[in-house]
Amino acid sequence: MAIFTYQTVAAMQQPPAGALPSPGDVAIVAGYHIYDDDGGGTFRLEVPTGPYADRIDEGMVFDCVRSDTSTRIGVWRRIDQGPVRTAWYGIGNVRANGATTVTISQTAAQIERAINAAGFGGVVVFSGTITLDRTVHIPTTTQLKGEGEGWDRPLIKAGENLKVMFTRASSTRIWVTGISFEGWIDGSAPLPDGISTSVNGYGARTIGFVLCNTTGRADLDSEFAFCRFYNMRMGIVGFGRNFLVTRTHFSSCRYGIVIHPAAKSTTNDVTIRGFNFIANRFHGCGGPRQQVDVVLTSSVTTQTTGLDAFEVGDIVVYRAGTAPTGLEDNMLYVVGADGVLYDRAAPDMYIIQDASEEESETDETPPPIDPQVITPEAWGATALTIQKVNGGGLFDRSSTCIMVAGLSDALKGGLIADCYADDCRRFYHGPMGDMRITGVTGYRGYETLVETVPEGTPTASKAINGAITNCQWTCDLASPTTYRHGPAILIHGSGVQVSNNLIANSVEHGLYVRADDCQVTGNVVRRSGTAAAPFPGIRVTGTGCLIDGNLIDGYEGAPGLDLPSPTTSMVGTNRIAAYPAGNT
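On a predicted model such as this, the values are computed, not experimentally measured, just so you know. (Residues numbered from 1 in each chain as written. Predicted model: local features only at pLDDT ≥ 70, side-chain atom pairs only at ≥ 80, totals over all residues. Heavy atoms only, no water.)

Helix and strand counts for the protein stand at 5 helices and 50 strands. Buried positions account for 56% of the 584 residues belonging to the protein. For the protein, long-range pairs separated by at least 24 residues make up 65% of all intrachain contacts whose partners lie at least 6 apart in sequence. (Helix = DSSP H or I, 4+ residues; strand = E, 2+ residues; numbered from the N terminus. Buried < 20%, exposed > 50% of the residue type's maximum accessible area, 1.4 Å probe, protein only. Contact = heavy atoms within 4.5 Å.)

The structure is reproduced here in structure tokens:
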């Protein structure tokens, strides 16, 4: 056995005529593209039986031909130990030495090859900076891990006009840790009021991950930890249940995390449950405050709804006007193509079928997602017709940190805990079901930070144990009131417990409960509205609620507690004090 040394992988693939290796010989390579770029390694020359072109993946297995005649000698097989690394596939500038690595057209294919090489449940270690040219389709259960910590973690960037960075095959589990993801910003997007791009995701066109199943399964069984999503239209979109996001930073994203029900089937109850979002940070998420809502004024039809102001897959909440439109007030809807609204989304609203419609740069074309399964109607979505009206109403641009969209009664359980959100438009929008929001700090929010949707479809069942407890919600008094509206917490769904929260500086009510059978206890509500335009700290218009033990410190001129007269709610002892006049 002879040992050969080469500077680069290219040199190993075409050895000089005077120093040809033989089967069983070993090559030690200093780097993939240049010396010490972490893509080199140790290889053994083999002569496989039968066709072997499909075995060459430019990372674990390389071709070996004579440099003078191009005659094939065999294949070099990597014999390095440890998890598969993207550097082995020539992507990522590991040493930050400014060298050119792989051309942009190869990055997604090389990542897919690395995942295939790692095998089922294997680990792929990312390093350096990688720019994607197309969507990466994860074919098998895998772990994607970043090398480095904090700002030194690897960065995966979206190429120009890239819509989705990663998707996965049905029933594939993924674990993603320690990687930053950066979306593509459309610099030509019109900027209202002279704001810049990358403000709260304005102009962002990219979605980080779209997780779905094409079978009747609803379980996602995926985890994200210690990651960062930046300049995203949406960070993570999940269709189904049972996944975890923890210690992850979402910055300048229109939507941080979005959850939809899975596909309807005879074996799937389409419920959303088992998600845990713990100890995450959200900064500048939820769309720019300058982005006004779309008002429906007159002669609204399915062709002229004003929905051209949105993108397919965007989520809006309908606010009723004086005339009916066929939509339910305060319900979330998803924008489809050609001005159609749906009661829930389907994956094809987000995923471009580039795996099947475009030529691949590799011999291994990822299997496309079956379009017969993912069309909105096949997925179980219902198209909604907007009736002609003459009485207004509007579509609220309901972008937010965390969104649960689709069937309002589909949410059966989840946990959002110990998160921090600052300079965000909203924190949570969606149903409560049996979900709990606890230990969250919302700082300098400039619209309704938490809004729950009413019961409606498919049944009229009420919430059982939904709760918003032990949180701090502080709104942003410094922002122009033109861009700030709504109470800090707005409850449309019944049976919710709102307890032991600190709520301050809301532009309207601190807490507004419009639903029945809710518990409002132990909250501290301060400075609702302004001294010139005060609002009641707590307003309850629902029936059968329990209101007790709250401290309401409001401006003079507005009642601290606003209840209908007569009320069917049980009102205990609440301390109400006036905030001194002249103080802000």
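Let us keep going from here.
What follows covers helix α2 (residues 107-118). Since the α-helix turns once every 3.6 residues, residues separated by three or four places project in the same direction. Across its 12 residues, α2 extends 17 Å between first and last C-alpha, which sits within 8% of the 16 Å expected from 1.5 Å per residue. Here α2 lies mainly inside the structure; 9 of its 12 residues are buried. Among all positions in α2, only Thr107, Ala108, Ala109, Gln110, Ile111, Glu112, Arg113, Ala114 and Ile115 are buried. Along its buried surface, α2 packs onto β6 (84-85), β7 (122-126), β8 (129-132), β9 (136-138) and β10 (142-146). Count one or two residues on from α2 and you reach Gly119, which has phi positive near 80 degrees. (Expected span 1.5 Å × (residues − 1).)

Moving on, we come to the pattern of salt bridges. Under the defined criterion, the tally for this structure stands at 22 salt bridges. A salt bridge links Asp38 to Arg85, with the nearest nitrogen and oxygen atoms 3.8 Å apart. You can see Asp38 sitting in the loop between β2 (26-31) and β3 (41-46) and its partner Arg85 sitting in strand β6, a full 47 residues away along the chain. For Asp38, a relative accessible area of 21% puts it in the partly exposed group. On the basis of relative accessible area, Arg85 is assigned to the buried category, the value being 16%. We note a salt bridge from Arg205 to Glu311, for which the minimum N-O separation is 3.3 Å. (Salt bridge = Lys/Arg side-chain N within 4 Å of Asp/Glu carboxyl O.)

Time to look at the packing of aromatic side chains. According to the stated counting rule, one finds 19 aromatic pairs in the structure shown. Taking the centre distance of 6.3 Å and the plane angle of 75 degrees together, the rings of Phe209 and Phe229 count as edge-to-face. Of this pair, Phe209 sits in strand β15 (residues 207-211) while Phe229 sits in strand β17 (residues 228-230), and the two are 20 residues apart along the sequence. For the residue pair Phe209 and Phe229, the accessibility class agrees, reading buried in each case. Both rings, one in Phe250 and one in Phe282, keep their centres 5.1 Å apart while their planes meet at 10 degrees; by these two values the pair is stacked. Separated by 32 residues along the polypeptide, Phe250 in strand β20 (residues 249-251) and Phe282 in strand β23 (residues 281-283) bring together distant segments of the chain. Neither residue differs from the other here; Phe250 and Phe282 are each classed as buried. Among the aromatic side chains, those forming a connected cluster through ring pairs are Phe166, Phe181, Phe209, Phe224, Phe229, Phe250, Phe282, Phe427 and Trp473. (Phe/Tyr/Trp six-rings, centres within 6.5 Å; stacked < 30°, edge-to-face > 60°.)

Below, the discussion takes up a nonpolar patch on the surface. Nonpolar side chains collect at one region of the surface, where Met1, Ile3 and Ile28 lie side by side and expose about 350 Å² of accessible area between them. Mapped onto the elements of the fold, Ile3 is located in strand β1 (residues 3-8). (Patch = residues over 30% accessible without salt bridge, like charges linked within 9 Å, V, L, I, M, F, W, Y side chains within 5 Å. Areas by Shrake-Rupley, 256 points an atom, 1.4 Å probe, with all protein chains shown as cover.)

Moving on: the sheet that holds strand β5 (residues 72-78). Strand order in this open sheet of 5 strands is β1-β2-β3-β5-β4, and the pairing throughout is mixed. Each edge of the sheet is formed by a strand with only one pairing partner; in this case those strands are β1 and β4 (61-65). Averaged over all adjacent pairs, the angle separating strand axes in this sheet is 30 degrees, with direction ignored. Inspection of the sheet shows β4 paired to β5 by 5 bridges, in the antiparallel sense. What sits directly across from Val65, in β5, is Arg72. (Pairing = 2+ DSSP bridges. Axes fitted to C-alpha atoms, helices over the stretch in contact; angles between N-to-C directions.)

As a further point, take the pairing of strand β35 (residues 441-445). Taken together, the 3 bridges between strand β32 (residues 420-422) and β35 define a ladder with parallel strand orientation. Within the sheet, the bridge partner assigned to Asp422 lies in β35 and is Tyr443. When β35 meets strand β38 (residues 472-475), the two strands line up parallel, connected through 4 bridges. Residue pairing for β38: Thr441 is matched across the bridge by Gln472.

The subject of this paragraph is the environment of Arg444. Looking at the element boundaries, Arg444 is found in strand β35. Overall, Arg444 belongs to the partly exposed group, its relative accessible area being 32%. For Arg444 and Asp423, which are 21 residues apart along the polypeptide, the C-alpha to C-alpha distance reads 5.1 Å. Not counting residues within four places of it along the chain, the set of residues in contact with Arg444 comprises Asp423, Cys424, Thr474, Cys475 and Asp476.

Turning next to the nonpolar core. Looking at soluble globular proteins, one finds that nonpolar side chains tend to be buried together. Among the nonpolar cores identified, the biggest contains 88 residues, and Phe427 and Ile437 are the most heavily contacted of them. With 4 residues, α2 is the largest single contributor of residues to this core. Discounting chain neighbours no more than four positions away, the residues touching Ile437 are Ile416, Phe427, Tyr428, Met432, Val450, Ala467, Ile468, Thr469, Cys471 and Trp473. Met331, Tyr350, Phe395 and Met403 belong to the second largest nonpolar core, which has 36 residues in total. (Core = buried A, V, L, I, M, F, W, Y, C linked by side-chain atoms within 4.5 Å.)

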